[in-house]
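Next come the chains, spelled out residue by residue.
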Amino acid sequence: EMSMLQIEPSHEVKFDLIAGRSVERVIKLHNVSSHPVAFKVKTTAPKRYFVRPSSGLVEARSGVSVRLVMQAQKTSARPSGSDKDKFLIQAAKVSASSVGEA
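Residues numbered from 1 in each chain as written. Predicted model: local features only at pLDDT ≥ 70, side-chain atom pairs only at ≥ 80, totals over all residues. Heavy atoms only, no water.

A.B. asks: Before we move on, could you go through the overall build of the chain and cite the residues and values that matter?
C.D. replies: Looking only at helices and strands, the chain has one helix and seven strands in total. Scanning the chain from its N terminus toward the C terminus, one meets helices and strands in the order β-β-β-β-β-β-β-α. Each principal axis of the C-alpha atoms in the chain carries an extent, and together these give about 50 × 25 × 20 Å. Burial statistics for the chain: of 102 residues in total, 30% are counted as buried. (Helix = DSSP H or I, 4+ residues; strand = E, 2+ residues; numbered from the N terminus. Buried < 20%, exposed > 50% of the residue type's maximum accessible area, 1.4 Å probe, protein only.)

A.B. asks: Now, about the environment of Lys84: what can you tell me, with residues and values included?
C.D. replies: When you line up the elements, Lys84 lands in the loop between β6 (63-70) and β7 (87-93). With a relative accessible area of 59%, Lys84 lands in the exposed category. For the pair Lys84 and Val51, spaced 33 residues apart in sequence, the C-alpha separation works out to 17 Å.

A.B. asks: Describe the environment of Lys40, with residues and values.
C.D. replies: Here Lys40 shows up in strand β3 (residues 37-43). When its relative accessible area of 38% is taken as the criterion, Lys40 is described as partly exposed. Considering only alpha carbons, one finds Lys40 and Val69, 29 residues apart in sequence, at a separation of 16 Å. Setting aside its immediate chain neighbours within four residues, Lys40 contacts Ser54, Ser55, Leu88, Ile89 and Gln90. (Contact = heavy atoms within 4.5 Å.)

A.B. asks: Describe the sheet that holds β7, naming the residues involved and giving the relevant values.
C.D. replies: For sheets, the rule is that strands pair by backbone hydrogen bonds, running either parallel or antiparallel. Spatially, β5-β3-β7 is the arrangement adopted by the three strands of the open sheet, whose pairing is antiparallel. Edge positions in the sheet fall to β5 (55-58) and β7, since each of these pairs with one other strand and no more. The mean angle between the axes of side-by-side strands here comes to 25°, regardless of whether they run parallel or antiparallel. Sheet topology note: the β3/β7 ladder contains seven bridges and is antiparallel. Across the sheet, Val37 pairs through a bridge with Lys93, a residue of β7. (Pairing = 2+ DSSP bridges. Axes fitted to C-alpha atoms, helices over the stretch in contact; angles between N-to-C directions.)

If you want it as C-alpha coordinates, here you go:
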(Lines give C-alpha, C1' and ligand atoms only; values in the text may rest on other atoms or scores of the structure.)
Protein backbone atom coordinates (compact mmCIF):
# COMPACT_ATOMS: atom_id res chain seq x y z
CA GLU A 1 0.00 0.00 0.00
CA MET A 2 1.15 3.52 -0.77
CA SER A 3 2.16 5.58 2.26
CA MET A 4 -0.53 7.84 3.70
CA LEU A 5 1.70 10.78 4.61
CA GLN A 6 4.45 12.57 2.73
CA ILE A 7 6.84 14.16 5.21
CA GLU A 8 9.05 17.17 4.48
CA PRO A 9 11.91 17.08 5.16
CA SER A 10 11.77 13.33 4.67
CA HIS A 11 14.86 12.08 6.52
CA GLU A 12 16.65 14.64 8.65
CA VAL A 13 15.98 17.85 10.58
CA LYS A 14 19.00 19.96 11.50
CA PHE A 15 19.02 22.25 14.54
CA ASP A 16 21.65 25.02 14.62
CA LEU A 17 22.52 25.60 18.26
CA ILE A 18 22.54 29.13 19.62
CA ALA A 19 23.43 29.42 23.30
CA GLY A 20 20.48 30.50 25.43
CA ARG A 21 17.94 30.36 22.59
CA SER A 22 15.43 27.76 21.59
CA VAL A 23 15.61 26.63 17.97
CA GLU A 24 12.49 25.87 15.94
CA ARG A 25 12.09 23.74 12.85
CA VAL A 26 8.90 22.87 10.99
CA ILE A 27 8.03 19.58 9.37
CA LYS A 28 5.12 19.29 6.96
CA LEU A 29 2.83 16.30 6.90
CA HIS A 30 0.86 15.98 3.68
CA ASN A 31 -1.94 13.44 3.48
CA VAL A 32 -1.73 11.89 0.00
CA SER A 33 -4.64 9.54 0.60
CA SER A 34 -8.37 9.95 0.06
CA HIS A 35 -9.26 9.49 3.74
CA PRO A 36 -8.41 11.32 7.00
CA VAL A 37 -5.21 10.21 8.72
CA ALA A 38 -4.49 10.49 12.45
CA PHE A 39 -0.86 11.17 13.38
CA LYS A 40 1.32 11.21 16.47
CA VAL A 41 4.90 12.50 16.72
CA LYS A 42 7.25 10.94 19.26
CA THR A 43 10.86 11.76 20.11
CA THR A 44 13.68 9.90 21.83
CA ALA A 45 14.44 13.10 23.81
CA PRO A 46 11.11 14.49 25.10
CA LYS A 47 12.83 16.76 27.66
CA ARG A 48 14.86 18.42 24.89
CA TYR A 49 12.05 19.12 22.41
CA PHE A 50 8.55 20.55 22.34
CA VAL A 51 6.43 19.12 19.51
CA ARG A 52 3.28 21.09 18.59
CA PRO A 53 0.90 19.65 17.69
CA SER A 54 2.19 16.27 18.86
CA SER A 55 -0.89 14.53 17.50
CA GLY A 56 -3.87 15.34 15.35
CA LEU A 57 -5.80 14.68 12.20
CA VAL A 58 -4.80 15.45 8.61
CA GLU A 59 -7.78 15.63 6.29
CA ALA A 60 -7.67 13.86 2.92
CA ARG A 61 -5.39 15.59 0.37
CA SER A 62 -4.53 18.20 3.00
CA GLY A 63 -1.50 19.15 5.08
CA VAL A 64 -0.41 20.06 8.60
CA SER A 65 2.71 21.83 9.84
CA VAL A 66 4.31 20.47 13.02
CA ARG A 67 6.70 22.64 15.05
CA LEU A 68 9.75 20.98 16.57
CA VAL A 69 11.33 23.26 19.17
CA MET A 70 14.67 22.39 20.73
CA GLN A 71 14.75 23.93 24.19
CA ALA A 72 17.36 26.59 24.88
CA GLN A 73 20.76 25.11 25.72
CA LYS A 74 23.23 26.79 28.07
CA THR A 75 26.02 26.68 25.50
CA SER A 76 26.31 26.30 21.76
CA ALA A 77 28.03 22.95 22.33
CA ARG A 78 25.84 20.12 21.13
CA PRO A 79 24.27 18.26 24.08
CA SER A 80 25.80 14.83 24.55
CA GLY A 81 23.99 12.28 22.43
CA SER A 82 21.74 14.82 20.71
CA ASP A 83 23.11 13.85 17.29
CA LYS A 84 21.26 10.58 17.82
CA ASP A 85 17.91 12.18 18.73
CA LYS A 86 15.11 10.76 16.64
CA PHE A 87 11.52 11.65 15.81
CA LEU A 88 8.95 8.99 14.96
CA ILE A 89 5.76 9.86 13.10
CA GLN A 90 2.99 7.32 13.48
CA ALA A 91 -0.01 7.44 11.16
CA ALA A 92 -3.28 5.55 10.96
CA LYS A 93 -6.23 5.71 8.60
CA VAL A 94 -9.36 7.10 10.23
CA SER A 95 -12.78 5.97 9.07
CA ALA A 96 -15.24 8.74 8.26
CA SER A 97 -17.64 7.51 10.94
CA SER A 98 -15.07 7.82 13.75
CA VAL A 99 -13.94 11.36 12.90
CA GLY A 100 -16.89 12.97 14.70
CA GLU A 101 -16.23 10.90 17.82
CA ALA A 102 -12.54 11.79 18.13
